[in-house]
Amino acid sequence: MRQARADEYAEFAAARAGHLYRSACLLTAGDTHLAEDLVQEALGRIYVRWRRVSRVGNPAAYAQTVLTRTFLAHQRRRSSTERATAVLPETAAAASDATLRLTLLDALGRLPIKDRAVVVLRYWEDRSVQETADAMDTSAAAVRTRCTRALARLRDLLGEDIGAYARP
């Protein structure tokens, strides 16, 4: 029985790891190393509670919530020796929209962490206001307020015509 649960968890983790990693990259504004750490920590927390999590109606949503809360907790406990930087690490331009991606990651990185989490959950994860509120352990009104402010800030950072960053 124990091996069957371990196999079930391994299958779940393999299926969800890529999606969690992409979400974590957005939450961390492109910090791939931190994103990997967050995914590992989230999957570790899920493993410890897998018996209960596997009975949940939607373990994938539960995993996303754990990832988001892990990210927010990490930002709260950031060591005083760590310093945020305005310079993104060099990355290979794999796609034609590299300029757009870097611009968006830079803009996301300039948002406060809770605003960034709201934008990622609402618009990348396509979650409802209530689902986002539940994931962030806050009220729906706070999510709506943060969405409005975060989108206004992104418009200020990116300009009204985001299409100018995309290649024709």
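Residues numbered from 1 in each chain as written. Predicted model: local features only at pLDDT ≥ 70, side-chain atom pairs only at ≥ 80, totals over all residues. Heavy atoms only, no water.

1. Regarding the overall build of the chain
Here is step 1: Helix and strand counts for the chain stand at eight helices and zero strands.
Here is step 2: Mapped from its N terminus to its C terminus, the chain presents α and β elements in the order α-α-α-α-α-α-α-α.
Here is step 3: When the 168 residues of the chain are sorted by exposure, 38% land in the buried category.
Here is step 4: Roughly 10400 Å² of accessible area belongs to the chain as shown, and the carbon and sulfur atoms make up 51% of that amount. (Helix = DSSP H or I, 4+ residues; strand = E, 2+ residues; numbered from the N terminus. Buried < 20%, exposed > 50% of the residue type's maximum accessible area, 1.4 Å probe, protein only. Areas by Shrake-Rupley, 256 points an atom, 1.4 Å probe, with all protein chains shown as cover.)

2. Thoughts on the packing of aromatic side chains
Here is step 1: This structure, assessed with the given rule, holds three aromatic pairs.
Here is step 2: Between tyrosine 9 and tyrosine 47, the ring centres sit 4.9 Å apart and the planes meet at 65°, which makes this aromatic pair edge-to-face. Of this pair, tyrosine 9 sits in helix H1 (residues 2–27) while tyrosine 47 sits in helix H2 (residues 32–48); the two residues are 38 residues apart in sequence, bridging distant segments of the chain.
Here is step 3: Judged by relative accessible area, tyrosine 9 falls into the buried class, the value being 12%.
Here is step 4: Here tyrosine 47 falls in the partly exposed class, since its relative accessible area comes to 48%.
Here is step 5: The interplanar angle of 35° and the centroid separation of 5.0 Å between the aromatic rings of phenylalanine 12 and tryptophan 50 together place this pair among those described as tilted. With phenylalanine 12 in helix H1 and tryptophan 50 in helix H3 (residues 50–53), the pair connects residues that are 38 residues apart, well separated along the chain. Comparing phenylalanine 12 with tryptophan 50 shows no difference in burial state: the two are buried.
Here is step 6: Each residue in the set Tyr9, Phe12, Tyr47 and Trp50 is aromatic and connected to the rest through ring pairs, giving one cluster. (Phe/Tyr/Trp six-rings, centres within 6.5 Å; stacked < 30°, edge-to-face > 60°.)

3. Considering the confidence of the model for the chain
The predicted coordinates should not be examined in detail at positions where pLDDT is low.
Here is step 1: On average, residues of the chain score 82 in pLDDT, and 83% of them reach the 70 mark or higher.
Here is step 2: The secondary-structure element of the chain with the lowest mean pLDDT is helix H5 (residues 98–110), recorded at 81, while H2 shows the highest, at 91. (pLDDT = per-residue confidence, 0-100.)

4. Remarks on the pattern of salt bridges
Here is step 1: The final tally for this structure, using the stated rule, is three salt bridges.
Here is step 2: Of the charged contacts in the structure, one is a salt bridge between arginine 45 and glutamate 41, with a shortest N-O distance of 2.6 Å. Linking arginine 45 with glutamate 41, this pair stays in helix H2, spanning four residues, or about one helical turn.
Here is step 3: Measuring nitrogen to oxygen at the nearest pair gives 2.8 Å for the salt bridge that ties aspartate 115 to arginine 146. Of this pair, aspartate 115 sits in helix H6 (residues 113–124) while arginine 146 sits in helix H8 (residues 140–158); the two residues are 31 residues apart in sequence, bridging distant segments of the chain. (Salt bridge = Lys/Arg side-chain N within 4 Å of Asp/Glu carboxyl O.)

5. Here's the deal with H6
Here is step 1: Taking 1.5 Å per residue, 12 residues should reach 16 Å; H6 reaches 15 Å between its end C-alpha atoms and fits that length.
Here is step 2: Those residues of H6 that sit buried are Asp115, Arg116, Ala117, Val118, Val119, Val120, Leu121 and Arg122.
Here is step 3: As for H6, its buried residues are in contact with H1, helix H4 (59–76), H5, helix H7 (129–136) and H8.
Here is step 4: Aspartate 126 sits one or two residues past H6 and shows a positive phi near 55°. (Expected span 1.5 Å × (residues − 1). Contact = heavy atoms within 4.5 Å.)

6. Regarding unusual backbone geometry
Backbone geometry follows two general trends: most residues other than glycine have a negative phi, and most peptide bonds adopt the trans configuration.
Here is step 1: With a phi close to 55°, alanine 29 is a non-glycine residue in the positive phi region.
Here is step 2: In this structure, alanine 29 sits in the loop between H1 and H2.
Here is step 3: Exposure remark for alanine 29: the relative accessible area of 8% places this residue in the buried category.
Here is step 4: Phi at aspartate 126 is positive, roughly 55°, even though this residue is not glycine.

7. Here we look at the side chain of arginine 116
Here is step 1: One can find arginine 116 in helix H6.
Here is step 2: One buried charged residue, arginine 116, remains without a salt bridge, the closest side chain of opposite sign being aspartate 31 at 8.4 Å.
Here is step 3: Here arginine 116 is in contact with Leu26, Leu27, Thr28, Ala29, Phe71, Leu108, Gly109 and Leu111, once residues within four sequence places are set aside. (Lys, Arg positive; Asp, Glu negative; His and termini not counted.)

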